[in-house]
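So the chains spell out like this:
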Amino acid sequence: MENRQESMRTEAEQGTARAVLHIDLDALARNYRRLSNLARCEVSAVVKRDAYGLGLEAVSTTLAAAGCRAFWVAGVEEGERLRACLPSDSRIFVMDGLFGHAPERFAQAGLVPVIDQPEELELCAGAARGNAAPFPLALNLDTGLSRAGMDEAAFRQLAQNSAFLENVSLELVMTMLSDFEQPANPVNARQLARLKALADLLPVVPLSVATSSFLYHDAGWHLDLARVGSALYGVRSAALPDYNCEPVISVEAPVLAVRELEAGSAIGYGGRRLERAKRAATLGLGYADGLPERFTQTCQAYVADRALDFLGSDSMTLSTLDISTLPPGRLRRGQAVEIVGPYQDVNAVGHALGINPNRVLSSFGARAARRYHPAAPQGDGGAEWISG
Ligand SMILES: *Cc1c(COP(=O)(O)O)cnc(C)c1O
């Protein structure tokens, strides 16, 4: 912490008066190894949406170095970015399927589209017709979540005609389970049974259902490939007694000013007035940095182990902290306070706000300035962050 406060001070002096998202890539790699040890199958990494906001390239190259060989992105653009930075034997699944892009574009970059539309399957087969190699793809079947995935009737119709697999190579059949917060919910077991029954209509093909929480449930869910996002990033998306991953992110906000406020001073928007005199720190932290709604009312900030309340409302770039309980001079302009970290991790924040901690992760991830520890192997977003 002290180290980070030192570097933070320098940075604030250099003019970066914004909240910083610290990403611990060593912790990420350790989490991958923990999950691989737990799993009875290969563990693939879900790095969709810029790796849940933590940076596609930095996260994926770190995971590849830790042994990960299969990745899931949302769209073809992310797939191409990933192909440019990963070892050539890595498998990259594109969850949106073709979605209007030519199958040749996937073939060119060695991307495996996840198909849930019969028309897209036909396009892939057509692209491979006359080629020596069949077109690799994965099938996503809807087994009850009713959100994405080929519906059962369409799949059965396809499966009646075994010629539908000509010219394609079926790498994987997957489904998305409904209740990741309660893996033991029988609705999940019904979906698993349904997936297996449908897959029986096909030649033998690898199956995948497990997301983070199912990897902690029991080995019957692991099947051939687990698709893990949250747990890798230190997010506990369900009450999992055996959860053993460590936090990957922390967020610090710089102190821009320390003020002595008299009783009766107006504080922030809306003209609320202080009943008593207070010492306040203005922080470079607002919703434009990813600060979740209601955070300043519900959560605290920390200076070492001291919890501090916010005062008044936050704005796009600023919020105000009550530091009256700290010794005068303890906090100065340019120093940092903890917003997410050892004393209040991403799961505690999610819990306090009553939201899935992934929302906290992706909110800060998409908006706060990122700094990698150690420095990212590939420049993410062009930022040259100092190693800490
Ligand atoms: C996001 C996603 C996952 C990862 O789920 P986590 O709970 O974050 O591990 C897995 N599979 C699919 C299809 C997803 O969209």
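Residues numbered from 1 in each chain as written. Predicted model: local features only at pLDDT ≥ 70, side-chain atom pairs only at ≥ 80, totals over all residues. Heavy atoms only, no water.

Per an unreviewed UniProt entry, the recorded name for the chain is alanine racemase, and the organism is Fodinicurvata halophila. Quoted verbatim from the Cofactor (unreviewed entry) field of UniProt, the annotation for the chain is "pyridoxal 5'-phosphate". We quote the UniProt Catalytic activity (unreviewed entry) comment for the chain here in full: "L-alanine = D-alanine". (UniProt positions renumbered as here; feature names shortened; annotations may be inferred.)

Describe the environment of Phe364, and please don't skip the residues or the numbers.
With respect to the helices and strands, the residue Phe364 is situated in helix α13 (residues 357-367). With relative accessibility at 0%, the residue Phe364 sits in the buried group. Note: C-alpha distance between Phe364 and Ser60 (304 residues apart in sequence) is 19 Å. Sequence-distant contacts of Phe364, that is, excluding residues within four places in its chain, are made with Leu21, Val251, Leu285, Asp289, Gly290, Leu291, Pro292, Ile339 and Val340. (Helix = DSSP H or I, 4+ residues; strand = E, 2+ residues; numbered from the N terminus. Buried < 20%, exposed > 50% of the residue type's maximum accessible area, 1.4 Å probe, protein only. Contact = heavy atoms within 4.5 Å.)

So what's going on with the site of the ligand? Which residues, and what values?
If you check the shell around the ligand, you find Val46, Lys48, Tyr52, Met95, Met174, Met176, Thr211, Ser212, Arg227, Val228, Gly229 and Ser230 and nothing else. Between a nitrogen atom of the ligand and a side-chain N or O atom of Arg227, the distance comes to 2.9 Å. Computed on the free molecule, the ligand has an accessible area of 380 Å², of which 87% lies beneath the protein chains in the complex. Looking at the shell around the ligand residue by residue, the class counts come to six nonpolar, four polar and two charged. (Near = heavy atom within 4 Å. Polar contact = N/O pair within 3.5 Å; in protein donor to acceptor, adjacent residues only side chain to side chain. Areas by Shrake-Rupley, 256 points an atom, 1.4 Å probe, with all protein chains shown as cover. Nonpolar A, V, L, I, M, F, W, Y, C, P; charged D, E, K, R; others polar.)

Tell me about the packing of aromatic side chains, and name the residues and values.
Each aromatic ring pair is specified by the distance between its two centres and by the angle formed by the two planes. Enumeration according to the criterion identifies six aromatic pairs in this entry. Taking 5.5 Å as the distance between ring centres and 15 degrees as the angle between the ring planes, the aromatic pair formed by Tyr302 and Tyr343 counts as stacked. Of this pair, Tyr302 sits in strand β12 (residues 301-303) while Tyr343 sits in the loop between β16 (336-340) and α12 (346-353), placing them 41 residues apart in sequence. Classification of Tyr343 by relative accessible area gives partly exposed; the value is 43%. (Phe/Tyr/Trp six-rings, centres within 6.5 Å; stacked < 30°, edge-to-face > 60°.)

Give me the sheet that holds strand β8 (residues 207-208): which residues, what numbers.
As summarised here, the arrangement of the eight strands in space is β8-β7-β6-β5-β4-β3-β2-β9, forming an open sheet in which the pairing is parallel. Each of the sheet's edge strands pairs with one partner strand only, and the pair in question is β8 and β9 (225-228). With two bridges joining them, strand β4 (residues 91-94) and strand β5 (residues 112-115) adopt parallel strand pairing. Looking across to β5, one finds that Val94 is bridged to Pro113. (Pairing = 2+ DSSP bridges.)

Before we move on, can you summarise the domain arrangement of the chain with the specific residues and values?
Examined at the domain level, the chain breaks down into domain 1 (2-20 + 247-373) and domain 2 (25-233). Each of domain 1 and domain 2 has a C-alpha centre, and these two points are 38 Å apart. The interface of domain 1 with domain 2 comprises 12 residues on the first partner and 15 residues on the second. Summed over both partners, the interface of domain 1 with domain 2 comes to about 1100 Å²; 58% of that surface belongs to carbon and sulfur atoms. Looking only at domain 1, the three residues that lose the most surface to domain 2 are Val248, Leu361 and Tyr372, adding up to 45% of its buried area. With five residues, α13 is the single largest residue contributor to the side of domain 1 that touches domain 2. For the side of domain 1 that touches domain 2, the class distribution of residues is six nonpolar, five polar and one charged. (Domains from an automatic or database assignment. Buried area = accessible area lost by both parts, 1.4 Å probe.)

Mind laying out helix α5 (residues 76-83), listing which residues take part and the relevant values?
Among the residues of α5, those classed as buried are Val76, Glu78, Gly79, Leu82 and Arg83. Buried residues in α5, looked at end-on, bunch into an arc of 155 degrees, giving them a common side. Looking at the packing, one finds that the buried side of α5 touches α3 (48-53), α4 (56-65), β3 (70-73), β4 and α6 (103-109). (Arc of directions from axis to C-beta.)

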